[in-house]
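Descriptive structure summary
Now for the letters of each chain:
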Amino acid sequence: MAGVPAGTWLGHQADWSTPFIALACLGLVALVLVAGCLPTTRPGSSHADVGANPDARAYVIVLATTALAATGAFAAFTYIAPFLRGVAGFGAGGVSAMLTVFGIGGLTGVLLVGAVADRHPRLVVAIPVTGQAVALAMLTAFGASPVAAVVGVLVLGLTAAPVFAATQGRIMHVAPRGTDTASAANSAAFNLGIAAGGACGGVVLALASVRSTFLLGTVISAVATVLVWSERRFGRTPVAA
């Protein structure tokens, strides 16, 4: 959450390569910590190796929700800086401040999701995805107002940032077989959504305007919202032992 505003600030202070060098150094530190501190467990020895409530259909819905939510978020967020400059009228300092607002909202959202995920595994996915669609719609419609832009970016951070954590938690409940493979698939869906969102947003930006990228993100996020709320309606699909 601190990385986006910090990377933007570093880029302004030096050049575009500095944030990447800093990220590589932090990644190396993380690698050393993971290798040295995490315990090694044998496959199949943990109670979390299989889903708590295996449900193949719910699993597919969660994967699709992850991909669509990430696509919608990054169709817009990839172009947040030109949006804030060109539509909301913020300068370079204002853009960095707004990215900090997004980070604060994101950190808060992740903490909230973590606090209630076990008690409300469906809602902690459905509510953030819905909130993401609402935030993007608000920015699309009212983003020219600086006040509305601040509120919209804060709500977007609060809702979009915890979506991946929420879906990973949900995957641990509904994985039809091994949770390691299931969570890896969810991570792949999220990264596919990031790439697809940035690419689709780039096409729309070239053909229309930066505001249109937020409209695209709103539409895709709305589809994800309908899908995630449909999980209970479609019921369970038995999983073969």
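Up top is the structure.
Before going into details, it helps to say that this report is about the structure given with it. Please read all numbers here as calculations on a predicted model, not as lab measurements. (Residues numbered from 1 in each chain as written. Predicted model: local features only at pLDDT ≥ 70, side-chain atom pairs only at ≥ 80, totals over all residues. Heavy atoms only, no water.)

Okay, the overall build of the chain next. A count of helices and strands for the chain gives 11 helices and 0 strands. For the chain, the N- to C-terminal ordering of α and β elements is α-α-α-α-α-α-α-α-α-α-α. The globule rule puts the C-alpha radius of gyration for 241 residues at 18 Å, and the 19 Å found for the chain is close to it. The dimensions of the chain, computed from C-alpha atoms along their principal axes, are 55 × 45 × 30 Å. (Helix = DSSP H or I, 4+ residues; strand = E, 2+ residues; numbered from the N terminus. Rg over C-alpha atoms; globule rule 2.2 N^0.38 Å.)

On to the packing of helix α3 (residues 56–77) against helix α6 (residues 123–142). Between α3 and α6, whose axes approach to 11 Å, the crossing angle comes to 25 degrees. Taken together, α3 and α6 sit at an angle that is classed as roughly parallel. Handedness of the α3/α6 crossing: left-handed. Listed contacts from α6 to Thr65, Ala69, Gly72, Ala73 and Ala76 of α3 are Val125, Val129, Gln132 and Leu136. The residue makeup of the contact of α3 with α6, split by class, is 6 nonpolar, 3 polar and no charged. (Axes fitted to C-alpha atoms, helices over the stretch in contact; angles between N-to-C directions. Parallel < 35°, antiparallel > 145°, perpendicular 65-115°, else oblique. Left-handed = near helix turned anticlockwise from the far one by under 90°. Contact = heavy atoms within 4.5 Å. Nonpolar A, V, L, I, M, F, W, Y, C, P; charged D, E, K, R; others polar.)

We now examine the side chain of Ser221. Its location among the elements puts Ser221 in helix α10 (residues 210–229). Look past the residues within four positions of Ser221 in its chain and what remains in contact with it is Gly72, Ala73, Val129, Gln132, Ala133 and Leu136.

We now examine the nonpolar core. If you look at the biggest cluster of nonpolar residues, it comprises 22 residues, and the most contacted ones within it are Leu84 and Leu156. If you list the elements that add at least two residues to this core, you get α3, α4 (80–86), α5 (92–116), α6, α7 (146–160) and α10. Ranked by size, the runner-up nonpolar core spans 10 residues in total, among them Ala69, Val113, Val124 and Ala224. (Core = buried A, V, L, I, M, F, W, Y, C linked by side-chain atoms within 4.5 Å. Buried < 20%, exposed > 50% of the residue type's maximum accessible area, 1.4 Å probe, protein only.)

This part covers the environment of Val62. Its location among the elements puts Val62 in helix α3. C-alpha of Val62 to C-alpha of Cys25: the two residues are 37 residues apart in sequence and 33 Å apart in space.

The next point concerns α3. Between its terminal C-alpha atoms α3 stretches 31 Å, which fits the 32 Å expected from 22 residues at 1.5 Å a residue. With respect to burial, α3 is a largely interior element, 16 of its 22 residues being buried. The N-cap of α3, judged by a side-chain oxygen 3.2 Å from the amide nitrogen of Arg57 a few residues on, is Asp55. (Expected span 1.5 Å × (residues − 1). Polar contact = N/O pair within 3.5 Å; in protein donor to acceptor, adjacent residues only side chain to side chain.)

Their axes nearest at 7 Å, the elements helix α1 (residues 3–13) and helix α2 (residues 17–37) cross at an angle of 130 degrees. Considering their axes alone, α1 and α2 lie oblique with respect to each other. Between α1 and α2, the residues in contact are Gly7, Leu10 and Gly11 and Thr18, Pro19 and Ala22, respectively. Each residue belonging to the contact of α1 with α2 can be placed in one class, and the counts come to 3 nonpolar, 3 polar and no charged.

Its location among the elements puts Phe83 in helix α4. Put simply, Phe83 and Val95 are 12 residues apart on the chain and 9.5 Å apart in space, counted from C-alpha to C-alpha. Those residues in contact with Phe83 that sit more than four places away from it in its chain are Ala88, Leu139, Gly143, Val210, Arg211 and Phe214.

Let us look at the packing of aromatic side chains. Evaluation of the coordinates by the stated rule reveals 6 aromatic pairs. Considering the side-chain rings of Phe74 and Phe77, the 6.4 Å spacing of their centres and the 90 degrees angle between planes classify their relative orientation as edge-to-face. Remark: Phe77 and Phe74 occur in helix α3; sequence separation between them is 3 residues, near one turn of the helix. According to the relative accessible area criterion, Phe74 is partly exposed, its value standing at 23%. You can call Phe77 buried: its relative accessible area is 14%. Connected via pairs of aromatic rings, a cluster forms that spans Phe74, Phe77, Phe102, Phe164 and Phe190. (Phe/Tyr/Trp six-rings, centres within 6.5 Å; stacked < 30°, edge-to-face > 60°.)

Note that Gln132 resides in helix α6. Judged by its relative accessible area of 1%, Gln132 falls in the buried class. Of the polar contacts made by the side chain of Gln132, one reaches the side chain of Ser221; its length is 2.8 Å. Beyond its immediate stretch of four places on either side in the chain, Gln132 contacts Ala69, Gly72, Ala73, Leu156, Thr159, Ala160, Val163 and Ser221.

By the definition in use, this model includes 0 disulfides. Unpaired in terms of disulfides, Cys37 finds its nearest cysteine sulfur in Cys25, a separation of 19 Å. (Disulfide = S-S within 2.5 Å.)

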